[in-house]
Amino acid sequence: MQQIQLKEAETRLAELLEAAADGEKVLIVRSDGKSFRIEPMMAVQAIPKFGSAKGLVKMSDDFDEPL
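Description of the structure in this document. As the structure is a computational prediction, the values presented were derived from the model and not from experiment.

For the rest of this paragraph, the subject is the nonpolar core. Ranked by size, the top nonpolar core spans 8 residues in total: Ile-4, Ala-9, Leu-16, Ala-19, Ala-20, Val-26, Ile-28 and Ile-38. Elements supplying a minimum of two residues to this core: helix 2 (13-21) and strand 2 (26-29). Discounting chain neighbours no more than four positions away, the residues touching Ile-28 are Ile-4, Leu-6, Ala-9, Lys-34, Ser-35, Phe-36 and Ile-38.

Pasting the structure below:
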């Protein structure tokens, strides 16, 4: 686990986020002793609902007519 002070974390945030994305645990410690952990969250996949596009798609009346 990587432990880093808040002042240093402010300048290295992008690097710390990459480390967390690679699976490394990152702990940021504030000057008053409180600590915060950076860890990646699992991606949430959207589940489409039947009928969610109702009213968004319009077709002309002659759609099925021969060209």
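Structure's up, so let's keep going.
Time to look at the pattern of salt bridges. Scanning the model with the defined rule gives 4 salt bridges in all. In this structure, the salt-bridge partner of Glu-8 is Arg-12, at a minimum N-O distance of 2.6 Å. Classification of Glu-8 as partly exposed rests on a relative accessible area of 38%. Ionic pairing is found between Glu-15 and Arg-12, a salt bridge with its closest N-O pair at 2.8 Å. In this structure, a network of salt bridges that share partners links the residues Glu-8, Arg-12 and Glu-15.

On a regular strand, each side chain points to the face opposite its neighbour's, so the side chains alternate between the two faces of the sheet. Side chains Gln-2 and Ile-4 of strand 1 (residues 2-5) all project onto a buried face; the interleaved residues Gln-3 and Gln-5 project onto a face where none is buried. In this sheet, strand 2 lies alongside strand 1 in parallel orientation, the contact comprising 4 bridges. Bridge assignment links Gln-5 to a residue of strand 2, and that residue is Val-29.

Taken together, the 3 strands give an open sheet; going across it, the order is 1-2-3, and neighbouring strands pair in mixed fashion. At either end of the open sheet lies a strand with only one pairing partner, and these are strand 1 and strand 3 (35-38). Adjacent strand axes in the sheet meet at a mean angle of 25°, parallel and antiparallel pairs treated alike. As paired strands, strand 2 and strand 3 are joined by 4 bridges and run antiparallel to one another. Note that in strand 3 the partner of Leu-27 across the bridge is Arg-37.

Conventions used here
- Residues numbered from 1 in each chain as written.
- Predicted model: local features only at pLDDT ≥ 70, side-chain atom pairs only at ≥ 80, totals over all residues.
- Heavy atoms only, no water.
- Core = buried A, V, L, I, M, F, W, Y, C linked by side-chain atoms within 4.5 Å.
- Buried < 20%, exposed > 50% of the residue type's maximum accessible area, 1.4 Å probe, protein only.
- Helix = DSSP H or I, 4+ residues; strand = E, 2+ residues; numbered from the N terminus.
- Contact = heavy atoms within 4.5 Å.
- Salt bridge = Lys/Arg side-chain N within 4 Å of Asp/Glu carboxyl O.
- Pairing = 2+ DSSP bridges.
- Axes fitted to C-alpha atoms, helices over the stretch in contact; angles between N-to-C directions.

So far we have only geometry, and geometry alone does not tell us how the molecule works.
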